[in-house]
Amino acid sequence: MESWSVDQVCNWLRQRNLGELVPKFREEEVSGAALLALNDRMVQQLVKKIGHQAVLMDLINKYQQQKSGLESLTYCCETASPKFPEVISGKNLKSFFARYKTLQWTSSYALPDFPYDVKCVLAERKCPDHSMRIRIIEFLQADMTKYLEGSLYPNSQQYNVVVNALLQAYPFLDENGNGFLLWKRALKDRFKYVRRPIEDDEQVLRNKCKFGHRRGQTRKSFAENKPDDVQVQVEEEPVHLEGSAMDVHIKWLKQEYMKTQRNWKEVDNRMNVTIEIRRKMISDKAPLKDILRLFPFLRCPYQLFREFQLLTHTDIYKKTVEILEIYSENILSLYVVRNNPINIMLQENLKRHTEEDILKYMKMTAACLLLPDVFGDDSSLFAAVNEEVKAVTPVLEVKNPFNVNSCEFALYVGREELTQLNDCTMALAALVAAFHVFDIPCPKRIHRTLNFLESLVFEVRRPASLPTQVKRGLEAPEYPSI
């Protein structure tokens, strides 16, 4: 190929259904040597369509791999023995190289240098519109294809690496806590779109054949004539459950919820399988009672926290414990809450107990309930203490907060009880989780409090802080800027 003329390169393009590129290659006088010297940035300038870019880079890389294959194989087998004691021969040779390439890929990936217009939008820290999201996804897909050496079939781990890198670099793209799943889904769909029209790539054809994408055959006809030996590829082509398959999972979850002894492992599995349809219902603003009717396990604190962790990769309960343990003493020492009825009730009950654990529990409970007053927010939108719940948004109902034997905590949404909770820590974690899991906007009159909590939960670089402690009684507290 190095000695090919421009005409020979053009004939080679036509043989691979890339005839559209011939005029541009002639104009730029791309010979065989020039073709092999192209890098991904040159290809992006030379070829407009992302699909053609991916196919062209794949073909060039395959030729270069074949040329240096013997040297690479010898080197890898010689150097692999100390790190990989398994025998590198026969059947396990292919899996060895697959694992070795994956390790190299995940450790070396860096986001691409986005075009100027994309950089401007990202610099403004604004959520991009639909067209700009497509632009970002296109560049990520092209960049992944480069790292995959032309392959159009990333695995789940590689999708995760890219999306995590994007959200770590631009956290504001993780809007409403659903960003990870949305960007990953969009990236997968982009790869499918690129693969769909390709008819001459060996890997694409092999996978299309393996997973039922026959030439000239629609998805419906394949479903009607599905061969018995076809295996579902979870990593590369995830199954989207529809119709009866989804109904089976929902029916099982509803029946299992009614049992006293529950199979929590299977509950976790089926909640994982149904997360896309559940998130779709929530994003489409389906009534909460309909969501809970289909997925009643969201009423369980454990599943509520687990759903939050799937969306945000954060253990909300663990973070809440840390927050109350660190800040409870500081909150109780602020002048702004000194004469608050909750604090007065706390001081009266502290005199009746001497056990260290009980005293700590009471102080953490009081600190939790006093948070809205510390930030000047409306406490009725946070917790109803020995009162009837009136707020429509997520709110706590607390009865006898400092009575160890009769205290009760519950989370209400839409003035209806969602779940019972064991203590103030679990209650506070459930309150924060409910806003994210059910995609409920935060009321302005409680915004300062939740902003403080979320800044600590998500470990933002400059978290909101408690108001400065007031020394003189007539001074007003300084609230953190939001």
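Numbering of residues begins from 1 in every chain and follows the order in which that chain's sequence is written. Per-residue local features are limited, in this predicted model, to residues with pLDDT of at least 70; the limit for side-chain atom pairs, both in listing and counting, is 80 or more; totals at the level of whole chains, interfaces and linings are taken over all residues. Water and hydrogen atoms play no part in the side-chain values, which are based on all heavy atoms of the structure.

A. Structural detail: the environment of Ala142. By definition, any uninterrupted DSSP run of H or I lasting at least four residues is a helix, any uninterrupted run of E lasting at least two residues is a strand, and each is numbered from the N terminus. Topologically, Ala142 is positioned in helix α8 (residues 130-147). By relative accessible area, Ala142 is classed as buried at 15%. Every residue in contact with Ala142, bar those within four places of it in the chain, is listed here: Gln44 and Gln53. Partly exposed residues are those whose accessible area sits between 20% and 50% of the maximum for their type, while under 20% is buried and over 50% is exposed, using a 1.4 Å probe and protein chains only. Pairs of residues are marked as contacts when any of their non-hydrogen atoms sit within 4.5 Å.

B. Here's a closer look at the pattern of salt bridges. By salt bridge we mean one thing: a side-chain nitrogen of Lys or Arg within 4 Å of a carboxyl oxygen of Asp or Glu. With the rule as written, the count across this model stands at 16 salt bridges. Two residues, Glu256 and Lys259, come together in a salt bridge whose shortest N-O distance is 3.1 Å. Residue Glu256 is classed as buried on the basis of its relative accessible area of 4%. Of the charged contacts in the structure, one is a salt bridge between Asp439 and Lys285, with a shortest N-O distance of 3.4 Å. Linking Asp439 in the loop between α21 (424-437) and α22 (447-457) with Lys285 in the loop between α15 (275-283) and α16 (288-294), this pair joins segments that are 154 residues apart in sequence. Taken together, the shared-partner salt bridges connect Arg278, Arg279 and Glu307 into one network.

C. Region of the structure containing the packing of helix α19 (residues 341-350) against helix α20 (residues 356-374). Their axes nearest at 10 Å, the elements α19 and α20 cross at an angle of 175 degrees. Regarding the angle of α19 to α20, the classification is roughly antiparallel. Listed contacts from α20 to Ile342, Asn343, Leu346, Asn349 and Leu350 of α19 are Leu359, Met362, Lys363, Ala366, Leu369 and Leu370. Only C-alpha atoms enter the line fits that serve as axes; for helices the fit covers just the stretch in contact. Angles between N-to-C directions range over 0 to 180 degrees. Roughly parallel refers to an angle under 35 degrees, roughly antiparallel to one over 145, roughly perpendicular to one between 65 and 115, and oblique to any angle outside these ranges.

D. Spotlight on the packing of α21 against α22. For the pair α21 and α22, interaxial distance at closest approach is 11 Å and the crossing angle is 95 degrees. Of the possible angle classes, the one that applies to α21 and α22 is roughly perpendicular. Between α21 and α22, the contacting residues are Leu428, Val432, Phe435 and His436 on the first element and Leu450, Leu453 and Glu454 on the second. Each residue is assigned to one of three groups, with Ala, Val, Leu, Ile, Met, Phe, Trp, Tyr, Cys and Pro labelled nonpolar, Asp, Glu, Lys and Arg labelled charged, and all others, Gly among them, labelled polar. Taken together, the residues of the contact of α21 with α22 break down into five nonpolar, one polar and one charged.

E. Looking closely at the sheet that holds strand β4 (residues 416-421). A strand pair is defined by DSSP finding two or more bridges across the two strands. Taken in spatial order, the four strands line up as β1-β2-β3-β4 in an open sheet, and their pairing is mixed. The sheet terminates laterally at β1 (383-385) and β4, the two strands that pair on one side only. When the angles between neighbouring strand axes are averaged without regard to direction, this sheet yields 25 degrees. Looking at chain direction, strand β3 (residues 408-413) and β4 are connected through five bridges and run antiparallel. Across the sheet, the residue bridging to Phe409 is Leu421, located in β4. Along the sheet, α21 makes contact with β2 (395-399), β3 and β4, crossing β3 at roughly 5 degrees.

F. Structural context of the environment of Ile323. Within the secondary structure layout, Ile323 lies in helix α18 (residues 316-333). Judged by its relative accessible area of 8%, Ile323 falls in the buried class. In sequence terms Ile323 and Cys368 are 45 residues apart; their C-alpha atoms lie 9.7 Å from each other. Setting aside anything within four residues of it in sequence, one finds Ile323 in contact with Ser328, Leu453, Leu456 and Val457.

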